[in-house]
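Structure assessment
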Amino acid sequence: MRSSQSLGMSDTRTLASAKRMLRKDVMTCNKAVAESVKLCDVDVIAAYPITPQTSIVEYLAEFVAKKEIDAEYIKVESEHSALSALVGASPAGARTFTATSSQGLILMSEVMFTASGMRLPIVMANANRALSAPLNIWNDQQDSLAVRDSGWIQFYAENNQEALDYVIQCYKISENKKVMLPSMVNLDGFYLTHTLEPTEIPDKKDVKKFLPPYEPEYRLDPESPLTFGFFAGPDSYQEFRYEQQKAMENAERVIKEAAKDYYGFTGRKYSAIEEYKLDKKDTVLLTVGSVSGTVKEVVDKLEKKYSVGVAKLRMFRPFPFEEIRRIASRAKIIGVIEKDVIIGVNQGAVATEIKNALYGSKSIPVLSFIVGLGGRDTPPSTVEKIIKICENALEKPEKESYWMDLK
Amino acid sequence: MKIVLEPGTSLKNKTGGWRNFKPVIEMKKCIDCGNCWIFCPESCIRKIGNKYEIDLDYCKGCGICANECPTKAIETVLEEK
Amino acid sequence: MIVLGEKASYVKCRWKCEAGLSANRCWYYRQHLKEVSEEELFTSGHRGCAGCGNVITVRLVLKASGKNVVVVSPTGCTEVISTPYPETSWEVPWIHANFENAGAVASGISDAVKVLLRKGKIKSKPKVIAIAGDGGTVDIGFQSLSGAMERGHDMLYICVDNEAYMNTGVQRSGATPYGAYTTTSPLGQDTPKKDMPAIMAAHRIPYVATATISLPLDFIEKVKKAISIEGASYIHVLAPCPTGWGFPGEKTIELGRLAVDAGMWTLYEILNGEFRVTYKPTAKVPVKEYLKAQKRFAHLSEETIKKIQEDIDKRWAEAFR
Ligand code: SF4
Ligand code: SF4
């Protein structure tokens, strides 16, 4: 999709990893996700098929059947049960994986809060898709943003490589004793899930070194019979929530460490925000997921005409407040391009979070651009319009939010 | 704060205070059938050989033991507080 | 209740007491009771009501199973009374996740055990036992349970049936019997009790049984049998609730016995499709005796009682023919 630059590969690379580049295979993002699961020595997979996630579970079923993954694959009767099965398997000592999308994610949402509250390092891939009603199977990011408060670490992939790399890093992050929170990798439905891209599969040996076997601190074991998922009253509940928040804060550091280690054997650099042509620019277009590719292309085309760059948000939970403040301190306006809306606020969840980050620091306008709901295409012309609106708003913004391409 | 609990810690919670009536076993009448022991919801009747002892720290005075004793060896008497 | 057509193979008294004494007075019964484990794996200090039938169920299950288990409980009485932070009454590994997912959580543990054993990451294989209330089983947990049974994970699911949502203050469930008052069936439940064991049997799992805490040896033997069977098994146990049914706490066991003797609850097992009644009451007690012992049936008219009796007579004839 994008040049090597968007993969953060412009850095000097060792010969070894350069050699590995030769082993790039062309695959869909769903295949890339399934391949990453294969690398992680996962013990229990539980999933339920849903468009556009389906081929992930098909690949996994095949891998398990062919014994390419030594795991139990529980073909549950719903997404609610998919995550529930993992909430059982994880404290039993298993490394776990599930994948879902949209309605499935929302059906799981009850258990998502439970999984995080019980501090289980479950990893999930979510194929971003619109929510019903009206029923729609195409891409937007309303589903994952609706569960932003569930206590899960959230990453958003721009391309297949990022999705694959993030699944592997997720285990490292989630299983860290200072974190012990579940995490999810979001991949845009169809735009990524069904798109073929050259993707590099890291070496199994390298991944094994990066990701040692899962050793839970507490497990369901008759030798030491512990109670999991107890009942906490007003005198203790708040403290457990606070511990979750602390863990999320610890995750920020752990995520950086994991990225550093990961870079060591792949040569691919990961950070909460990828900055693209951002130096000394007035307008920052803040993007999430696959739309970043289009936005970067438009910026490439118009960089002589407008002072504009791109900040691609890869991580939504924990939210990178510091990085946002740093980027804002050098800019004059931020245009947030996102595929969701908070009904009743008339802005996207990312835009409101950016404003939250900037409150009390350097005040610059933050505009919320709502695009691509229910799979509507976001063509370069729309991005161009957005850039123009931002330019004009440099003086004085007319309004805070724009529904682009509304018919 | 640990996210798990250590086993059997509810022993700290002495439920004897819930009781209005107190079961008293008259060992002479006891035929060692084990009914009171198997049915006690508080697991507070202990078998010691063929004798039975009630741990009043936990007995809630439900009266099941008295009701299920085939020889009426257990009597419930009003608790003096 | 008995829907499966097979002929009931009934033994007059499962403890071979030719005199047909009630289990309570039988010498064999006493002998067998001595064989029951004295180990208490559910400790005192829990918050169950005085005379709680759920707690007796849990005690009996753990006496049958011993230590090598992992127990899953969904939300409900058992969960709330046993694990208020920082205390727990469980002496076996135990987990609670949500209300409707005990079947799925147990599936996950069961399969995790399987794969971790295979990979040599754990050494022994505990049996996974779900202990759930009737609401968590026949209502909200129905789908997840059905999925788990159909997939046939190695686990035992026990429904502790006190015939309503007691933890939230007595609301009707699908397991509430016809005529019973609850706060949400103020005029009396107007539909029959859902026949959950039959539904479980329809999943064609190797073992399904009904039991009551009032016949502990029968119950313990069924639990042992279920544990020894590889694959999914289901036991539905009637556990009278003094608070929700409206009777004094000392009558918990008596009520369970009355339910069986009156034909409100039949004890049977279905082993690999083979149906067998495991206990036949020595004498049939009029259902009125059972109903009148509980406040939840106090409002029933003679006519309704007659209707219930007729229904029982029909089912009794089927079960014990
Ligand atoms: S009165 Fe109830 S709680 Fe007390 S010993 Fe008897 S059965 Fe146990
Ligand atoms: S129930 Fe009565 S006879 Fe039986 S052991 Fe207890 S006290 Fe003795």
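Further up the page is the structure itself.
Now for a quick tour of the structure. (Residues numbered from 1 in each chain as written. Chains lettered and ligands numbered in written order. Predicted model: local features only at pLDDT ≥ 70, side-chain atom pairs only at ≥ 80, totals over all residues. Heavy atoms only, no water.)

**Overview of the overall build of chain A**
Selection criterion: Put simply, DSSP H or I for four residues or longer makes a helix, DSSP E for two residues or longer makes a strand, and each gets a number counted from the N terminus. Radius of gyration here is computed from C-alpha atoms only, and the compact-globule reference equals 2.2 Å multiplied by the residue count raised to the power 0.38. Classification of residues uses two cut-offs on accessible area relative to the type maximum, computed with a 1.4 Å probe and protein chains only: under 20% is buried, over 50% is exposed, and between them is partly exposed. Should any heavy atoms of two residues lie within 4.5 Å, those residues are counted as being in contact. Computed with the Shrake-Rupley method and a 1.4 Å probe, the accessible areas treat only the protein chains shown as cover for residues. Only four residue types enter the charge count, namely Lys and Arg as positive and Asp and Glu as negative; His and the chain termini do not. Lysine's charge is taken at NZ, arginine's at CZ, aspartate's at CG and glutamate's at CD.
In terms of regular secondary structure, chain A is built from 13 helices and 16 strands. The C-alpha radius of gyration computed for chain A amounts to 21 Å, which stays within 12% of the reference 22 Å derived for 407 residues, consistent with globular compactness. By principal-axis analysis of the C-alpha atoms, chain A measures approximately 70 × 55 × 40 Å. Split into buried and exposed, the 407 residues of chain A put 62% on the buried side. Of the contacts formed within chain A by residues at least 6 apart in sequence, a portion of 81% connects residues at least 24 apart. For chain A, the accessible surface area stands at approximately 15,600 Å², while carbon and sulfur atoms represent 53% of it. Counting 53 positive and 55 negative side-chain charges, chain A places the averaged centre of each group 5 Å from the other.

**Here we look at helix α9 (residues 237–266) of chain A**
Spacing of three or four residues puts side chains on the same side of an α-helix, whose turn is 3.6 residues. Residue and element names in this part refer to chain A. Heads up, the rule is: What a helix should span is 1.5 Å times the count of its residues minus one. By definition, a residue's bend is the angle between the axes fitted to the seven residues ending there and the seven starting there.
In this model α9 runs 42 Å from its N-terminal to its C-terminal C-alpha over 30 residues, within 8% of the 44 Å that 1.5 Å per residue would give. Helix geometry: α9 is bent most strongly at glutamate 252, by close to 30 degrees. For α9, every residue scored as buried is listed here: Phe240, Gln244, Ala247, Met248, Ala251, Val254, Ile255, Ala258, Ala259, Tyr262, Phe265 and Thr266. Positive phi shows up at glycine 267, right after α9, with a value of about 75 degrees.

**A look at the interface of chain C and chain A**
What counts, and what does not: The quantity reported as buried area is the accessible area (1.4 Å probe) lost by two parts once they are put together, taken as the sum for both. Between Lys or Arg on one side and Asp or Glu on the other, a salt bridge is scored when a side-chain nitrogen of the former is within 4 Å of a carboxyl oxygen of the latter. For the purposes of these results, a polar contact is taken to be a pair of N or O atoms within 3.5 Å, where, inside protein, one atom must be able to donate a hydrogen and its partner to accept one; residues adjacent in sequence count only when each atom of the pair is a side-chain atom. By the convention adopted, Pro, Cys, Tyr, Trp, Phe, Met, Ile, Leu, Val and Ala count as nonpolar, Lys, Arg, Asp and Glu as charged, and the other residues, Gly among them, as polar. Strand pairing is assigned whenever DSSP identifies at least 2 bridges connecting the two strands.
The interface of chain C with chain A comprises 41 residues on the first partner and 41 residues on the second. Between chain C and chain A, roughly 3,100 Å² of surface is buried when both sides are summed, and carbon and sulfur atoms account for 58% of that area. Notably, a salt bridge pairs A:Asp70 with C:Arg118, separated by 2.8 Å at the nearest N-O pair. The interface formed by chain C and chain A holds 20 residue pairs in polar contact (both at pLDDT 80 or more) in total. Of all elements in the fold, only β1 (69–72), α3 (77–82), β2 (94–95), α4 (102–118) and α6 (142–151) of chain C reach the threshold of two or more residues within the side of chain C that touches chain A. It is α4(C) that provides the largest number of residues to the side of chain C that touches chain A, a total of 11 residues. Its residues placed into classes, the side of chain C that touches chain A shows 19 nonpolar, 12 polar and 10 charged. Sheet topology note: the strand β9 (residues 227–228) of chain A/β2(C) ladder contains two bridges and is parallel.

**Quick word on the packing of helix α11 (residues 321–329) of chain A against helix α12 (residues 349–358) of chain A**
Packed helix pairs are specified by the crossing angle of their axes together with the interaxial distance, meaning the distance between the axes. Residue and element names in this part refer to chain A. Which entries qualify depends on this criterion: Here, axes are lines fitted to C-alpha atoms. For helices the fit covers the stretch in contact, and angles between N-to-C directions go from 0 to 180 degrees. Every angle not falling under 35 degrees, over 145, or within 65 to 115 is termed oblique; those three ranges are roughly parallel, roughly antiparallel and roughly perpendicular.
At a minimum axis separation of 9 Å, α11 and α12 run at an interaxial angle of 80 degrees. Relative to α12, the element α11 lies roughly perpendicular. In this structure, α11 contributes Phe321, Ile324, Arg325 and Ala328 to the contact, and α12 contributes Glu353, Ile354, Asn356, Ala357 and Leu358.

**Here we look at the site of ligand 2**
Stated precisely, the cut-off is as follows: Each residue is tested against the molecule or strand, and it is near if at least one of its non-hydrogen atoms lies within 4 Å.
Close contacts around ligand 2 come from B:Cys30, B:Ile31, B:Asp32, B:Cys33, B:Gly34, B:Asn35, B:Cys36, B:Tyr52, B:Cys69, B:Pro70, B:Thr71 and B:Ile74, and that covers them all. Class assignment for the residues of the shell around ligand 2 results in eight nonpolar, three polar and one charged.

**What about the interface of chain B and chain C?**
Contacts between chain B and chain C engage 35 residues on the former and 45 residues on the latter. For the pairing of chain B and chain C, the buried interface totals around 3,300 Å² over both sides, and the portion due to carbon and sulfur atoms is 53%. Applying the counting criterion to the chain B and chain C interface returns two salt bridges. Ionic pairing is found between B:Asp32 and C:Lys34, a salt bridge with its closest N-O pair at 3.2 Å. Elements with a contribution of two residues or more to the side of chain B that touches chain C: α1 (35–39), β3 (45–48) and α2 (64–68) of chain B. The element contributing the most residues to the side of chain B that touches chain C is α1(B), with four residues. Residues that form the side of chain B that touches chain C fall into these classes: 16 nonpolar, 10 polar and nine charged.

**Here we look at the side chain of C:Thr78**
Its location among the elements puts C:Thr78 in helix α3. Other than its neighbours up to four places away in sequence, C:Thr78 contacts C:Asn54, C:Val58, C:Ser73 and C:Trp90.

**Details of the site of ligand 1**
Contacts to ligand 1 come from 14 residues, most closely from B:Cys40, B:Cys59, B:Cys62, B:Gly63 and B:Cys65. Of the residues contributing to the shell around ligand 1, the split by class is 10 nonpolar, two polar and two charged.

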